[in-house]
Amino acid sequence: MTTFPTARDVRTTPEGLVWEPSERWVRGRKGDVTVVDSRHPILVWEPGVPVPLYAFPREEVREDLLRPAKNPRAGTHTGSQIFYDLEADGELMENAAWTFPADDLAAHIAFEWFRRVGRGPDHWYEEEEEIFIHPRDPHKRVDAIPSSRHVQVDIGGTTVADTHRPVLLFETGLPTRYYLPREEVRLDLFEPTDHSTGCPYKGTAEYWSWSGEAEVPPNVVWSYPDPLPAVGAVRGLLAFYNEAVDITVDGERLERPATPFSKTLSTP
């Protein structure tokens, strides 16, 4: 009889690492070189880090591409001592991989993700879908739901958006984001920037900054022109950081939330 993973398969090591098996087929590439091709990955959460990472059985990693690290970052990644430099696609990247100190994870190798820290494989796939920045958390949910709520956005006393046709995006651990039709946003009051971000749940976002006199953090507005299928309802819509603007929903002014983004949102 096949036993499927349940909450009881989540394990904690004495070092404080939390891990569980995944049934997803995961591949990591550096350029045209496949570094990892795994059908038995595990997800690992480090203490104090909100997002997981993958670790892979050694036999599913191209260990011939790994070199003992010349300058190991000993002590990072929850006290890890064994690090590897990755040589692939004509490039040597220091400390791109490591093994965790936990005994039950010793047979697994973890990798940095290039698009997150600037080293490691630069393209990652779950099944046939490319994922970005970090693995998707199986315990996190993202839902994009069309609504008829009345949403108004104000900046420095100026109404910059007003709609009864928002799409509400509910994402575990974050405040509700209100995605608004472009034609109901005063986009003439904003300037496009060259900033972009990648999200494993939503895709790649483009940004705009406020061009008025009020003090507003840069890149306060974003949109996903080509979102991942799971949140296709937000395609081309515009969202504002709740942390930096005033949003009123059905006549009720929302409090500005404190989130992990609050630290990075600083006025110019």
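Data block above holds the structure.
Conventions we followed
Residues numbered from 1 in each chain as written. Predicted model: local features only at pLDDT ≥ 70, side-chain atom pairs only at ≥ 80, totals over all residues. Heavy atoms only, no water. Pairing = 2+ DSSP bridges. Helix = DSSP H or I, 4+ residues; strand = E, 2+ residues; numbered from the N terminus. 1 Å grid on protein atoms, 1.4 Å probe; cavity = no way out; pocket = protein on both sides within 12 Å on 5 of 7 lines; lining within 4 Å. Points joined across faces, edges and corners; volume = space filled by probe spheres on them. Nonpolar A, V, L, I, M, F, W, Y, C, P; charged D, E, K, R; others polar. Buried < 20%, exposed > 50% of the residue type's maximum accessible area, 1.4 Å probe, protein only.

Visitor: An account of the sheet that holds strand β14 (residues 151–155) is needed here, citing residue identities and associated values.
Guide: Paired through their backbone hydrogen bonds, the strands of a sheet run either parallel or antiparallel. The strand order β15-β14-β22-β23 describes an open sheet built from four strands, whose pairing is antiparallel. In this open sheet, the two edge strands, each paired with only one partner strand, are β15 (158–163) and β23 (252–253). Strand direction decides the pairing type here: strand β22 (residues 246–249) and β23, joined by two bridges, are antiparallel. Note that in β23 the partner of Val249 across the bridge is Glu252.

Visitor: Describe in detail empty space enclosed by the protein, supporting the description with residues and values.
Guide: Gaps between atoms show up when a probe of the same size as a water molecule is rolled over them. Enumeration according to the criterion identifies one cavity of 30 Å³ or more in this entry. Its boundaries defined by the atoms lining it, the largest cavity holds a volume of some 40 Å³. Trp113, Phe114, Arg115, Pro121, Asp122, His123, Trp124, Ile131, Phe132 and Ile133 are the residues that line the largest cavity. Of all the secondary-structure elements, those providing two or more residues to the lining of the largest cavity are α2 (114–117) and β11 (123–126). Each residue belonging to the lining of the largest cavity can be placed in one class, and the counts come to seven nonpolar, one polar and two charged.

Visitor: Please give an account of the pairing of strand β10 (residues 108–111) that cites residues and values.
Guide: Residues His108 and Ala110 line one face of β10 and the alternating positions Ile109 and Phe111 line the opposite face, and both faces are buried. Looking at chain direction, strand β6 (residues 53–57) and β10 are connected through three bridges and run antiparallel. The residue of β10 that forms the bridge with Ala55 is Ala110. Relative to β10, strand β9 (residues 91–99) is paired through two bridges, and the arrangement is antiparallel.

So far we have only geometry, and geometry alone does not tell us how the molecule works.
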